[in-house]
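Architecture at a glance
Read off the chains here:
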Amino acid sequence: MRAGQLAVAAGLLALLCVPAHAEDRDISRDTLPADDGWAAEGAGTTGGAAADAEHVHTVTDRAGLVRALDGGSDTPKIIKIAGTVDANTDENGDRLDCSDYATGGYGLKKYLAAYDPRTWGSAKPSGPQEEARQASAARQAERIVLPVGSNTTIVGLGDSAVLKGASLQVRNADNVIIRNLDVRDAYDCFPVWQPNTGGLGDWKTAYDTIWLTGATHVWIDHITASDRGHPDAKEPTYFARNYLRHDGLLDITNGSDLVTVSWSRFADHDKAMLIGNSDTATSDRGRLRVTLHHNAFESVVQRAPRIRFGQVHLYNNRYEVTDDDYRYSLGVSTESRIHAENNAFHAPGHVEVADLVKSWNGSALHQSGTLFNGYPVDLLAINNAYNSGSERDLTADVGWTPTLHGPIDSAAAADRAVARGAGAGRIP
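Residues numbered from 1 in each chain as written. Predicted model: local features only at pLDDT ≥ 70, side-chain atom pairs only at ≥ 80, totals over all residues. Heavy atoms only, no water.

Selection rule: UniProt positions are given in the numbering used here, feature names are shortened, and annotations may be inferred rather than shown by experiment.
The name recorded for the protein chain in an unreviewed UniProt entry is Pectate lyase, from Streptomyces violarus. Listed under Subcellular location (unreviewed entry) in UniProt, the entry text for the protein chain is "Secreted". What UniProt states about the protein chain under its Sequence similarities (unreviewed entry) heading is, verbatim, "Belongs to the polysaccharide lyase 1 family."

1. So, the confidence of the model for the protein chain
Defined as follows: pLDDT is a residue-level measure of predictor confidence that goes from 0 to 100. Every residue pair with non-hydrogen atoms within 4.5 Å of one another is taken to be in contact.
Per-residue pLDDT for the protein chain has a mean of 93; in total, 94% of the residues score no lower than 70. Throughout residues 5-23 the model reports pLDDT below 50, and contacts reaching past four residues in sequence, or to other chains, amount to 18 contacts.

2. So, the nonpolar core
Soluble globular proteins tend to pack their nonpolar side chains together in the buried interior. Basically, it comes down to this: Take the buried Ala, Val, Leu, Ile, Met, Phe, Trp, Tyr and Cys residues and link them wherever side-chain atoms come within 4.5 Å; each set so joined is a nonpolar core. Working definition: with a 1.4 Å probe on protein chains only, accessible area under 20% of the residue-type maximum means buried, over 50% means exposed, and in between means partly exposed.
One finds Leu65, Ile210, Leu212, Ile220, Leu250 and Phe266 to be the most contacted residues of the largest nonpolar core, which totals 85 residues. What Ile210 contacts, discounting residues up to four positions off in sequence, is Leu168, Ile178, Val183, Ile220, Ile223, Leu249, Leu250 and Asp251. Judged by nonpolar contacts, the second largest core, of six residues, contains Trp38, Ala364, Trp400 and Leu404.

3. Describing the packing of aromatic side chains
The description of an aromatic ring pair uses the distance of the two centres, along with the angle that the planes make with each other. Selection rule: Any Phe, Tyr or Trp ring, taking Trp's six-membered ring, that has another such ring centre within 6.5 Å forms a pair; planes under 30 degrees apart are called stacked, those over 60 apart edge-to-face, and the others tilted. Each helix is a run of H or I in the DSSP string that is no shorter than four residues. Each strand is a run of E no shorter than two, and both are numbered from the N terminus.
Scanning the entire structure with this criterion turns up 15 aromatic pairs. On the basis of an interplanar angle of 90 degrees and a centroid distance of 4.9 Å, the ring pair of Tyr115 and Trp120 is categorised as edge-to-face. What makes Trp120 partly exposed here is its relative accessible area of 28%. Taking 4.4 Å as the distance between ring centres and 15 degrees as the angle between the ring planes, the aromatic pair formed by Tyr319 and Phe345 counts as stacked. Of this pair, Tyr319 sits in strand β25 (residues 318-320) while Phe345 sits in strand β28 (residues 344-346); the two residues are 26 residues apart in sequence, bridging distant segments of the chain.

4. Regarding the environment of Ala281
The topology assignment puts Ala281 in the loop between β20 (273-275) and β21 (290-293). Judged by relative accessible area, Ala281 falls into the buried class, the value being 18%. Along the primary structure Ala281 and Val398 are separated by 117 residues, whereas in three dimensions their C-alpha atoms are 19 Å apart.

5. Structural notes on the pattern of salt bridges
Put simply, the test is: We count a salt bridge whenever a side-chain nitrogen from Lys or Arg sits within 4 Å of a carboxyl oxygen from Asp or Glu.
By the definition in use, this model includes 17 salt bridges. Two residues, Asp26 and Lys80, come together in a salt bridge whose shortest N-O distance is 4.0 Å. With Asp26 in the loop between α2 (20-24) and β1 (56-59) and Lys80 in strand β2 (residues 77-81), the pair connects residues that are 54 residues apart, well separated along the chain. Glu130 serves as the salt-bridge partner of Arg133, at 2.9 Å between the closest nitrogen and oxygen. Of this pair, Arg133 and Glu130 both sit in helix α7 (residues 128-144), separated by three residues, roughly a single helical turn. Taken as a pair, Arg133 and Glu130 share a single burial class, namely buried. Through salt bridges that share partners, Asp30, Arg179 and Asp221 make up one connected network.

Spelled out as structure tokens, the structure:
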């Protein structure tokens, strides 16, 4: 039996082994509850709840998932993922690795030799090896970039559904639900070197695990997102910079709007979540309205989240800081209007309250009910006292008060509930 056939058989076995309680509780036609964050605005978010029987799919491999997604069509559809679906597989289900995508004579050693800053300088890479890298990257993108269209629900079956190596992209689509799914390791085989005239430069990767771009009315609930399988911390250093393989876990950019992210777990990653991608994207004004509640951010170095322009309601979330390279959690950037309530932070002794917030041209932050290692703290006052003059003081007036939300628990109660209930496989 070929490797692909074995994978299909394993997926079918996983489907047969879905716990009885998961089958009794069919979540695939669930819709976002009324008032549950910004995604409940207007007509709300129903995903593929209106799908007819012909457009309800259970998938166990990449080929089945691609067929079910239908090229990102707007047809109402429900996609149930059983077992582990690996995006880095061929049409027969056989595993692909980076060498299978490489073409045009690309080789990492050749690439490093060609663009070593000591000899290449600070110019943007060009020439045969960069062309070969781009061609190789395009081959990988054909396999792992999966477009999600409007009126779609994607759910994991049972408590162990995994989507591995994929970049789910909700591009210019409306009314999408993604739930109960472990999404991991959107691994870029071919990062690009980006020189910097003012410094060494950095490695740039291509794939967010989930990317919302121009998307509206999206509900993401009870997912687990991580780099599991290929943590960037174990990657080598080239040109004195970490050879990063992952971009964001969940990025919400390019005018995306009316998004609720709930009861999810973001773990073991550098840059977790970006809301708004550019200081100059003034067309984002009035958009990027996002609610984040009852989520766990564990061992996340930064961007939990970083926000530009958006009206973001951030309540009842749990933060566990463990990484020695920790930078910050809340990024207050251009014209962001963050309303943060009753969030709990846990951190080791070398991390201070002043480290939790970082401002880049930000102006305001509303915060209340924050706990730090069990003690009440005022993030705004402490940020203003310790920002060392590198940024202007933030004001408490963000110009709006959230109205679309469920009950807001105390930070202590939410802390316990999120520790128990956030992430894939934990829908009550």
